[in-house]
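For reference, the chains in residue letters:
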Amino acid sequence: MTASDLALQQAGEAASGSEGQPAAAGWLKGLAVGVALPALLALGWEVAVRAGVSNGRLVPPPSRILATLVDLWRTGDLVMHIVATLRRVALGFAFGAVAGTILGGISGASAMFRRLTDPMFQGFRSVPSIAWVPLFVLWFGIFEAPKVMLIAVGVFFPVYLGVLGAIQSVDRKLVEVGQVFRLSQAQMLRRILLPAILPSWAVALRSGLGLGFMFVVAAELMGASEGLGYLLVDGQQLGKPDQIVAAIIVFALLGKIADAVLVRLSAPLLAWQDTARPAL
Amino acid sequence: MLTIEALTKTYAGGTTALSNVSLSMQAGEIVALVGGSGCGKTTLLRLVAGLDRPSGGSVAVDGNVVTEPNAAVGLIFQEPRLLPWLSVADNIAFGLKHLPRKEQRARVDFALMRVGLAGYNDRWPRQLSGGQAQRVAISRALAPEPKVLLLDEPFSALDAFTRASLHDHLLALWAAQRPTMLMVTHDVEEAVTLADRVVVMQPRPGRIFAQIAIDFPRPRDPLSDAFIAAKRRILEALDGSLSESRPKPKPDESPAAAWW
């Protein structure tokens, strides 16, 4: 085996994310480092409250937040709220991502369509999301539909913009390869443009998903009987800061997990990438 | 076979990249285009490939006028331009999608064996060296069996050893399929090694300055007298093409230019 073969093999293993001992140890180490600072802060606050430096009424100590979480879990409320929120995000994300990908793709491929529609989309993009709420409530009522719509709108724009921008910046040299092989416009889209933008698409979906989690809070603040956003409102109205902080922490965890799932799902599509650093 | 008639290309800015170029090639002939920079070699190739439209004149393959990319004409670029998201095998099969899967696979395996990369089917392009990638690119262009193969300085980015081995690969592939090959090169030795005829072009505007036939048999020993003589003739022609077109200073330009 020559040196270059060895290097290739190593590159291949690195790309496929081998499950070897060093990788697992590295992951644990990364987790420990990432958790160290928040854990230290939480511990400090806990000690401060126990020592009587603060009464912890408005900023509850970690132990009380944990107790609240356990309570919510025991009654089954926590699962119900999480399911409600995740369902809204999933539906809104699905609609927004599909629409953003299709319209962004067509806009990128057809200059005519872009000139026709892009100014309108860019205009709507600068409208604050909350501004849609009254209209959506009039159109779709006060239950699930307006919430899902609002999330879909939030997800749509980053995905649309990401796909459009990525298609416009596809390397001319690769497009010429398609021309030499006489691809039609549809084939060009399917065989050159779409694969070329996969990495940017994955990033666009991630930022879309992030916005989805932001917008679900806005949607649930506008009136809901379940969901993590409802826990926030409920905590404010009944003066339960521990419940608010608990809901915020669950949001953070869910967002991070959803993002990690998306990254994991898109990884096999991006194995070909020749990048200086492994994907995040 | 390949007929180029009075081909002219003027770009939007007003630069005439090619002026009245006529060239005719026989089936299976290898012609090398050499010339100083800006003499329209690449423009000529892009016109023959149908990637650009001529301002005047025409290109025809077997009597069919080329106006757009054409199944009979394959093109190899200066860089490999492999599609990074396709495996080596899928890259080679890129122009074979109209064939049944089995036939595609057979052609890919055969092509890889031909260029000494048997078993590389499932590699990603990023895992190839520059020479290997260019060999895959050559296989991709030849897999649909074009009648005309155009090469735009295909080996200019490679080191001398890799280049020499790729010359051998290319000649072996040519011997098997006998496409008509028109290649642009900066390298006079490369032209003498490969071509039946060397066309020396002249810049501003791009046109043909001289044609030199190279009629001794391949493989050609770069130290043989015939090789050195052919090289000398091409270098002399290149010299002539450049000195004749060297711009003479215009009298009205100098004072203003000095002021600026």
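This text gives an overview of the structure that appears in the document.

1. A short note on the sheet that holds strand β1 (residues 2-10) of chain B
Residues and elements named next belong to chain B.
Okay, step 1: Taking strand neighbours across the sheet as the criterion, the four strands line up as β2-β1-β4-β5 in an open arrangement whose pairing is antiparallel. Looking along the sheet, the strands with just one partner apiece sit at the ends: β2 (16-25) and β5 (64-65).
Okay, step 2: Two strands pair when backbone bridges link them, and β1 and strand β4 (residues 56-61) are joined in this way by five bridges, in the antiparallel orientation. Of the residues in β4, the one forming a bridge with Glu-5 is Ser-58.
Okay, step 3: The sheet strands contacting helix α1 (residues 41-49) are β1, β2 and β4, and the helix crosses β1 at an angle near 120 degrees.

2. Points about empty space enclosed by the protein
Residue and element names in this part refer to chain B.
Okay, step 1: One pass over the structure, following the stated rule, counts one cavity of 30 Å³ or more.
Okay, step 2: Here the largest cavity defines a volume of roughly 30 Å³.
Okay, step 3: Lining the largest cavity, in full, are Leu-75, Ile-76, Phe-77, Pro-80, Ala-137 and Arg-140.
Okay, step 4: If you list the elements that add at least two residues to the lining of the largest cavity, you get β6 (73-76) and α4 (130-142).
Okay, step 5: Of the residues that constitute the lining of the largest cavity, the class distribution is five nonpolar, no polar and one charged.

3. Focus on the packing of helix α4 (residues 77-109) of chain A against helix α10 (residues 228-237) of chain A
Residue and element names in this part refer to chain A.
Okay, step 1: Look at α4 against α10: their axes get within 7 Å of each other, and the N-to-C directions meet at 125 degrees. It follows from the interaxial angle that α4 and α10 lie oblique. The residues of α10 that touch α4, namely those facing His-81, Ile-82 and Thr-85, are Leu-228, Tyr-230 and Leu-231.
Okay, step 2: Of the residues in the contact of α4 with α10, the class split is four nonpolar, two polar and no charged.

4. Focus on the nonpolar core
Residues and elements named next belong to chain B.
Okay, step 1: Counting 86 residues, the largest nonpolar core has Leu-44, Leu-150 and Leu-182 as the members making the most contacts within it.
Okay, step 2: In contact with Leu-150, not counting residues within four places along its chain, are Leu-45, Val-48, Ala-49, Val-73, Gly-74, Leu-75, Ile-76 and Leu-182.
Okay, step 3: Ranked by size, the runner-up nonpolar core spans 51 residues in total, among them Ala-93, Ala-133, Leu-149 and Leu-166.

5. Here's the deal with the interface of chain A and chain B
Okay, step 1: Between chain A and chain B, the contact holds 22 residues from the first and 22 residues from the second.
Okay, step 2: When chain A packs against chain B, the two sides together hide about 2200 Å² of surface, and 66% of this comes from carbon and sulfur.
Okay, step 3: By the criterion of area lost to chain B, the three top residues of chain A are Phe-181, Arg-191 and Trp-272 of chain A, representing 30% of everything that side buries.
Okay, step 4: At the junction of chain A with chain B, the criterion picks out three salt bridges.

6. Section: the pairing of strand β10 (residues 207-213) of chain B
Residue and element names in this part refer to chain B.
Okay, step 1: As judged from the six bridges shared by strand β9 (residues 197-202) and β10, these two strands associate in the antiparallel manner. Paired with Arg-197 across the bridge in β10 is Ala-213.
Okay, step 2: Adjacent in sequence and paired antiparallel, β9 and β10 are bridged by four residues, among which Arg-204 carries a positive phi angle near 50 degrees.

7. Topic: the environment of Val-245 of chain A
Residues and elements named next belong to chain A.
Okay, step 1: Tracing the chain through its elements places Val-245 in helix α11 (residues 241-266).
Okay, step 2: For Val-245, a relative accessible area of 27% translates into the label partly exposed.
Okay, step 3: Sequence separation between Val-245 and Pro-60 is 185 residues; the distance between their C-alpha atoms is 8.2 Å.
Okay, step 4: Setting aside its immediate chain neighbours within four residues, Val-245 contacts Pro-60 and Ile-65.

8. Some details on helix α5 (residues 160-177) of chain B
Residues and elements named next belong to chain B.
Okay, step 1: Under the 1.5 Å per step criterion, the end-to-end length of α5 is 26 Å for 18 residues, consistent within 8% with the ideal 26 Å.
Okay, step 2: Every buried residue belonging to α5 is among Arg-163, Leu-166, His-167, Leu-170, Leu-171, Leu-173 and Trp-174, and all of these are buried. What you see down the axis of α5 is that its buried residues fit within an arc of 165 degrees, all on one side. More than 90 degrees from the buried face of α5, the exposed residues found are Phe-161 and Asp-168.
Okay, step 3: Buried residues along α5 sit against β3 (30-35), α3 (101-114), α4, β7 (148-152), β8 (180-184) and α6 (188-194).
Okay, step 4: N-cap assignment for α5: the residue whose side-chain oxygen lies 3.2 Å from the backbone N of Phe-161 is Asp-159.
Okay, step 5: Just past α5, the residue Arg-178 takes up positive phi, approximately 50 degrees.

9. Brief notes about a nonpolar patch on the surface
Residue and element names in this part refer to chain A.
Okay, step 1: The grouping of Leu-135, Leu-138, Trp-139, Phe-140 and Met-149 at the surface amounts to a nonpolar patch, some 520 Å² of accessible area in total.
Okay, step 2: Among the elements that line the nonpolar patch, the one with the most residues is helix α6 (residues 133-140), at four residues.
Okay, step 3: Taking the relative accessible area as the measure of exposure, Leu-135 reaches 32% and is therefore partly exposed.

10. Some points on the packing of aromatic side chains
Okay, step 1: On inspection of all chains with the given rule, the structure shows eleven aromatic pairs over all chains.
Okay, step 2: Relative to Phe-157 of chain A, the ring of Phe-156 of chain A lies with its centre 5.1 Å away and its plane at 80 degrees, an arrangement referred to as edge-to-face.
Okay, step 3: Arranged with centres 5.5 Å apart and planes meeting at 75 degrees, the rings of Phe-181 of chain A and Phe-94 of chain B form a pair that is edge-to-face. With Phe-181 of chain A in the loop between α8 (172-180) and α9 (185-221) and Phe-94 of chain B in the loop between α2 (88-92) and α3, this residue pair bridges two chains.
Okay, step 4: One aromatic cluster in this structure is built from Phe-124, Trp-132, Phe-136, Trp-139 and Phe-140 of chain A.
Okay, step 5: The ring centre of Phe-94 of chain B lies 4.0 Å from the NZ or CZ of Arg-191 of chain A, which sits over that ring.

Reading guide: rules and limits
- Residues numbered from 1 in each chain as written.
- Chains lettered and ligands numbered in written order.
- Predicted model: local features only at pLDDT ≥ 70, side-chain atom pairs only at ≥ 80, totals over all residues.
- Heavy atoms only, no water.
- Pairing = 2+ DSSP bridges.
- Helix = DSSP H or I, 4+ residues; strand = E, 2+ residues; numbered from the N terminus.
- Contact = heavy atoms within 4.5 Å.
- Axes fitted to C-alpha atoms, helices over the stretch in contact; angles between N-to-C directions.
- 1 Å grid on protein atoms, 1.4 Å probe; cavity = no way out; pocket = protein on both sides within 12 Å on 5 of 7 lines; lining within 4 Å.
- Points joined across faces, edges and corners; volume = space filled by probe spheres on them.
- Nonpolar A, V, L, I, M, F, W, Y, C, P; charged D, E, K, R; others polar.
- Parallel < 35°, antiparallel > 145°, perpendicular 65-115°, else oblique.
- Core = buried A, V, L, I, M, F, W, Y, C linked by side-chain atoms within 4.5 Å.
- Buried < 20%, exposed > 50% of the residue type's maximum accessible area, 1.4 Å probe, protein only.
- Buried area = accessible area lost by both parts, 1.4 Å probe.
- Salt bridge = Lys/Arg side-chain N within 4 Å of Asp/Glu carboxyl O.
- Expected span 1.5 Å × (residues − 1).
- Arc of directions from axis to C-beta.
- Polar contact = N/O pair within 3.5 Å; in protein donor to acceptor, adjacent residues only side chain to side chain.
- Patch = residues over 30% accessible without salt bridge, like charges linked within 9 Å, V, L, I, M, F, W, Y side chains within 5 Å.
- Areas by Shrake-Rupley, 256 points an atom, 1.4 Å probe, with all protein chains shown as cover.
- Phe/Tyr/Trp six-rings, centres within 6.5 Å; stacked < 30°, edge-to-face > 60°.
- Lys NZ or Arg CZ within 6 Å of the ring centre and 35° of its normal.

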